[in-house]
Amino acid sequence: SDRPNVTSNNVPLNSPAVFGDPAWGFGYGNAVIVRYLNEHLPASTRTRLRGRGLEGAHVYVMYAHLSGVNVKVNDEVAASAQLGSAGNTGNSTATHLHLEVRASKRADELSWFNMRANVFDPSVLFVR
């Protein structure tokens with residue numbers, strides 16, 4: 001906790017070893033992934049998914065580089081829940097919040113890297 005990011009550990013930024021290491025969160029540092037089941041998504045999001053050939057897909061959002069995490073695996077979280085705090089962990093040089101959106105047709109998908117990336121810009125999460 002006293003050396004949470006690569007630079008504080010004298011590891012070069014963007015080191016390939018960091019991206020392959022689960023201890024570094026594969027570069028994401030401390031992170032929370034929230035699954036939004038398709039049936040709970042707004043109609044506008046389901047339409048966007050359908051337009052990308054992902055009808056019925058579930059959305060997964062990663063909140064990364066957190067300084068602390070306030071939830072645990074399999075927690076159901078309310079819309080107003082604070083998942084964690086912005087931080088500077090993993091492959092990072094300054095405090096920030098990294099948002100990444102992926103999708104999978106499997107509601108039980110466990111591998112972030114098996115999900116379809118670049119489904120839409122994370123800013124869509126804030127448009128209603």
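Here's a quick rundown of the structure. (Residues numbered from 1 in each chain as written. Predicted model: local features only at pLDDT ≥ 70, side-chain atom pairs only at ≥ 80, totals over all residues. Heavy atoms only, no water.)

1. A word on the overall build of the protein
Thought 1: Within the protein one finds two helices and five strands.
Thought 2: When its C-alpha atoms are laid out on the principal axes, the protein stretches across 45 × 30 × 25 Å.
Thought 3: Per-residue burial over the protein gives 35% buried out of 128 residues.
Thought 4: Taking contacts inside the protein between residues at least 6 apart in sequence as the whole, the part at least 24 apart equals 62%.
Thought 5: Here the protein contributes 12 positively and 10 negatively charged side chains, and the mean placements of these two sets differ by 7 Å. (Helix = DSSP H or I, 4+ residues; strand = E, 2+ residues; numbered from the N terminus. Buried < 20%, exposed > 50% of the residue type's maximum accessible area, 1.4 Å probe, protein only. Contact = heavy atoms within 4.5 Å. Lys, Arg positive; Asp, Glu negative; His and termini not counted. Charge placed at Lys NZ, Arg CZ, Asp CG, Glu CD.)

2. Quick word on the packing of aromatic side chains
Thought 1: A full pass over the atoms with the stated rule returns one aromatic pair.
Thought 2: Here the aromatic rings of phenylalanine 26 and phenylalanine 113 are separated by 5.7 Å at their centres, their planes lie at 80°, and the arrangement is edge-to-face. Remark: phenylalanine 113 occurs in the loop between β4 (98–104) and β5 (116–117) and phenylalanine 26 occurs in the loop between α1 (16–19) and β1 (30–36); sequence separation between them is 87 residues. (Phe/Tyr/Trp six-rings, centres within 6.5 Å; stacked < 30°, edge-to-face > 60°.)

3. Details of the side chain of asparagine 5
Thought 1: Take asparagine 5: it is sitting in the segment before α1.
Thought 2: Within the structure, asparagine 5 has its side chain in polar contact with the backbone nitrogen of serine 8 (distance 2.8 Å).
Thought 3: A polar side-chain atom of asparagine 5 sits 3.1 Å from a polar atom in the side chain of asparagine 88.
Thought 4: In this structure, asparagine 5 is in contact with Trp24, Asn88, Thr89, Gly90 and Ser92, ignoring residues within four places of it in sequence. (Polar contact = N/O pair within 3.5 Å; in protein donor to acceptor, adjacent residues only side chain to side chain.)

4. Let's talk about the environment of lysine 105
Thought 1: Within the fold, lysine 105 resides in the loop between β4 and β5.
Thought 2: The exposure class assigned to lysine 105 is exposed, which follows from its relative accessible area of 52%.
Thought 3: Note: C-alpha distance between lysine 105 and asparagine 38 (67 residues apart in sequence) is 8.9 Å.
Thought 4: Residues contacting lysine 105, with those up to four places away along its chain left out, are Gly53, Leu54, Glu55, Ala57 and His58.

5. Quick notes on the pattern of salt bridges
Thought 1: Across all of its chains, the model carries five salt bridges by this definition.
Thought 2: A salt bridge links arginine 50 to glutamate 55, with the nearest nitrogen and oxygen atoms 3.8 Å apart.
Thought 3: Residue glutamate 55 is classed as exposed on the basis of its relative accessible area, which comes to 54%.
Thought 4: Of the charged contacts in the structure, one is a salt bridge between arginine 102 and glutamate 100, with a shortest N-O distance of 2.7 Å. Here arginine 102 matches glutamate 100 in class, with each residue buried.
Thought 5: Three or more residues joined by partner-sharing salt bridges are found here, namely Arg106, Asp108 and Glu109. (Salt bridge = Lys/Arg side-chain N within 4 Å of Asp/Glu carboxyl O.)

6. Some words on the environment of glutamate 100
Thought 1: Within the element layout of this structure, glutamate 100 appears in strand β4.
Thought 2: C-alpha of glutamate 100 to C-alpha of arginine 48: the two residues are 52 residues apart in sequence and 16 Å apart in space.
Thought 3: Other than its neighbours up to four places away in sequence, glutamate 100 contacts Tyr28, Tyr60, Val61, Met62, Trp112 and Pro122.
Thought 4: Here the side chain of glutamate 100 touches histidine 98 through a polar contact of 2.9 Å, side chain to side chain.
Thought 5: For glutamate 100, the side chain forms a polar contact with the side chain of arginine 102, separated by 2.7 Å.

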